[in-house]
Amino acid sequence: MTIQDRIGDVTERIVKRSHDSRSVYLERIGKAAEQGPQRSRLSCGNLAHGFAACGVSDKQALAGDVVPNLGIITSYNDMLSAHQPYETYPALIRDAAHEVGAVAQVAGGVPAMCDGVTQGQDGMELSLFSRDVIAMAAAVGLSHQMFDAAVFLGICDKIVPGLAIAALSFGHLPAVFIPAGPMPTGISNDEKSKIRQLYAEGKVGRDALLESESKAYHSPGTCTFYGTANSNQMLMEIMGLHMPGASFVNPGTPLREALTKEAAKRALAISALGNEFTPVGEVIDEKAIVNGVVGLHATGGSTNHTMHLVAIAATAGIKLTWDDISELSDVVPLLARVYPNGKADVNHFQAAGGLAFLIRELLSGGYLHQDVKTVYGTDLSGYTVEARLDAEGNVHREEVPAVSGDETVVAPLSKPFQPTGGLKMLRGNFGKAVIKISAVARERHVIEAPARVFHSQEEFLTAFKNKELTGDVAAVVRFQGPKACGMPELHKLTPSLGILQDRGHKVALITDGRMSGASGKVPAAIHVTPEAAAGGPIARIRDGDMIRIDAVTGELSVLVDEAEFNARPAAEADLSGHQAGVGRDLFAAFRANVGTPDTGAHVWNIVQTGMENPGLDEVYNCINEALPFFFGIALFWIAVLFIVIRRDYRLTFYETFFRSPVWFVSRSPLSYDCFKGWHWSRRLCL
């Protein structure tokens, strides 16, 4: 199917914009790939350290470069339910490697933070920065250069984006991402939300709330709502980094185990020692990134990926912007309704046809680039299948049924839930922002309400409990950006905002913080940039200012006279309480150096791919604009000096321009003696 015109146009625009940085990146990983297995350049002492803990047969295999070695980057811990199943994966992967005559080693572990545990707590202020820590930790693991390919074990919010950044930093290596799958379905999401609101109103106690939450999050596996964790799995599959049909198979099942072993064997098969060399830096190209954005819109995925996808793309030398994401949103239809965008969870989504059905529908309509590389070895059409077990316990795949198993959960292209995507970019007189509209009723896509300004979640919740919020309100919660306090998610506000909206008020949230994939039914303009702590205009909003959010036209404005608004001083906040405790003091350098949300909110300059620092770009532009002026001034004074020299010393043209510089310095009016007696000044004034 031919790609849709506007999707093709956006892709071509990204390709042109990224030409230089992408070329530098591909050249770098190409040179690394040409060098072949890295172990051959390790000294005997290096290599002996690298396989000291291996068995005899693995040591013999790794002594040469014929047998591939698979590096495992794991994010296992048993506090995080989604990652607890990874405890047994290294053994499975080693067994799979041995079955094909290869070796596998755990290259390193990375932290895995649960946003569900830290939600509304001080630890949430480390959440976004943990993505970059994960990328760096994975890079440390792979830096030993013992490996011919890598598998990445990760699921949740910042873990997969961090691992993807690390994988692309080692883009000359093949990389396969291995999920662990969602937990089985617990209580309904509607019931869970109802108990949360009742608790916020003081109508039920903590015991009832804890019982409800425990029934919702009750076993190993990913949370079943469609937040950032499950959006991650969708992205890895639609961008070709999972094996087909792997994303939403429950943990602890024979199929899950078979998929894990299959992924390990496939990673080894596509190493440079095989016949299907597929480095990850070539899998993730401009088309794959666009496919990821399309998948995000079609499923109503997490707003966090408006930052993560930009950062992932940048690592591969690809310059993705919020404008690209917004334009794609205008043409991609919404085909999935999974909580908080609907009543179903990801298990229902999988049973109704899941990603295989959705990918097939989008391909048939020309919304996805089919001609991409994948770790499976096919183009994207190879991902329109469901994974099954055959009689021998091996994975085989079947074409997804032609009809959705439940059109209230997964819609065909002919009957989308809405004609545009689930995310929208906003822009106006106090910055840019993101809004997730897939869960917001259409009548609330445009909101005008008076501002009530807060500098923390706690301030808002205090006002709510004191019954100060009795009418329409645009809650402006600022000083929540990455430079201020690490850009925490603000889900603690969701029940109270929902209650106000259910009372019939016009309600909206405006913040330079985050709300992620679990954003609910209240319109929320999030990721406002520039942030308040960086002097952004959001810091000039005052109580009572009328705020307009228009998710249809993409407007985000404060309805105040422009001159008056611009003349206001920016508010300040005491952020000292966010600088220490629960490890926050260790992240001061992150807060000082983090980029803006629209550029990926990462803490490094991706120099190796030619990605520019926005602040430096402005400096360079100013210098370039000023160069002609300064060049002209320099020429003028050179001319004046030579005129003075020729007049005072009766030099010829040849002598003026070509005599020894030493003679010129020692005899000219610029010599020390001349300056000492103001000789030069008097001569220029004659």
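Please read all numbers here as calculations on a predicted model, not as lab measurements. (Residues numbered from 1 in each chain as written. Predicted model: local features only at pLDDT ≥ 70, side-chain atom pairs only at ≥ 80, totals over all residues. Heavy atoms only, no water.)

With that settled, the discussion passes to the environment of Ala267. For Ala267, the location among the structural elements is in helix α12 (residues 254-269). Put simply, Ala267 and Leu173 are 94 residues apart on the chain and 9.6 Å apart in space, counted from C-alpha to C-alpha. (Helix = DSSP H or I, 4+ residues; strand = E, 2+ residues; numbered from the N terminus.)

It is worth spelling out the pattern of salt bridges at this point. Overall, the coordinates contain 34 salt bridges when judged by the stated rule. For Arg568, the salt bridge goes to Asp545, with nearest N and O atoms at 2.6 Å. Taken together, the positions of Arg568 in the loop between α22 (562-567) and α23 (588-593) and Asp545 in the loop between β12 (524-529) and β13 (546-550) put the pair 23 residues apart, joining distant regions of the chain. A salt bridge links Asp550 to Arg548; the nearest nitrogen and oxygen atoms lie 3.1 Å apart. On the accessibility criterion, Asp550 (4% relative accessible area) is buried. Through salt bridges that share partners, Arg6, Arg13, Arg17, Asp324, Glu327, Asp330 and Lys424 make up one connected network. (Salt bridge = Lys/Arg side-chain N within 4 Å of Asp/Glu carboxyl O. Buried < 20%, exposed > 50% of the residue type's maximum accessible area, 1.4 Å probe, protein only.)

To continue, consider the packing of helix α1 (residues 5-17) against helix α14 (residues 286-299). Contact geometry for α1 and α14: axes closest at 10 Å, N-to-C directions at 135 degrees. Considering their axes alone, α1 and α14 lie oblique with respect to each other. Remark: the crossing between α1 and α14 carries right-handed chirality. Residues Ile7, Thr11, Ile14 and Val15 of α1 pack against Glu286, Lys287, Val290 and Val294 of α14. (Axes fitted to C-alpha atoms, helices over the stretch in contact; angles between N-to-C directions. Parallel < 35°, antiparallel > 145°, perpendicular 65-115°, else oblique. Left-handed = near helix turned anticlockwise from the far one by under 90°. Contact = heavy atoms within 4.5 Å.)

On to the sheet that holds strand β2 (residues 103-109), then. Pairing is parallel across the open sheet formed by four strands, whose spatial order is β2-β1-β3-β4. Two strands lie at the open edges of the sheet, namely β2 and β4 (175-178), each paired on one side alone. With direction set aside, neighbouring strand axes in the sheet form an average angle of 25 degrees. Bridge analysis of strand β1 (residues 69-74) against β2 gives six bridges, and the strand direction is parallel. Bridge pairing in β2 places Leu70 opposite Ala104. (Pairing = 2+ DSSP bridges.)

A large share of helix α16 (residues 322-329) lies buried, amounting to seven of its eight residues. Among the residues of α16, those classed as buried are Trp322, Asp324, Ile325, Ser326, Glu327, Leu328 and Ser329. For α16, the secondary structure elements touched by its buried residues are α1, α14, α15 (305-315), β7 (423-428), β8 (431-436) and β12.

Another aspect to go through is the packing of aromatic side chains. Counted by the stated rule, this structure contains eight aromatic pairs. Summarising the aromatic geometry, the rings of Tyr376 and Tyr383 are spaced 6.1 Å apart at their centres and angled 80 degrees between planes, so their arrangement reads as edge-to-face. Where Phe454 meets Phe460, the ring centres are 5.4 Å apart and the plane angle is 80 degrees; that geometry is what we call edge-to-face. Comparing Phe454 with Phe460, the two get one shared label, buried. Aromatic ring contacts, followed pair by pair, group Phe129, Phe587 and Phe590 into a single cluster. Its end group placed over the ring of Phe565, Arg540 keeps NZ or CZ at 4.8 Å from the ring centre. (Phe/Tyr/Trp six-rings, centres within 6.5 Å; stacked < 30°, edge-to-face > 60°. Lys NZ or Arg CZ within 6 Å of the ring centre and 35° of its normal.)

Read these as layout, nothing more, since geometry by itself doesn't imply function.
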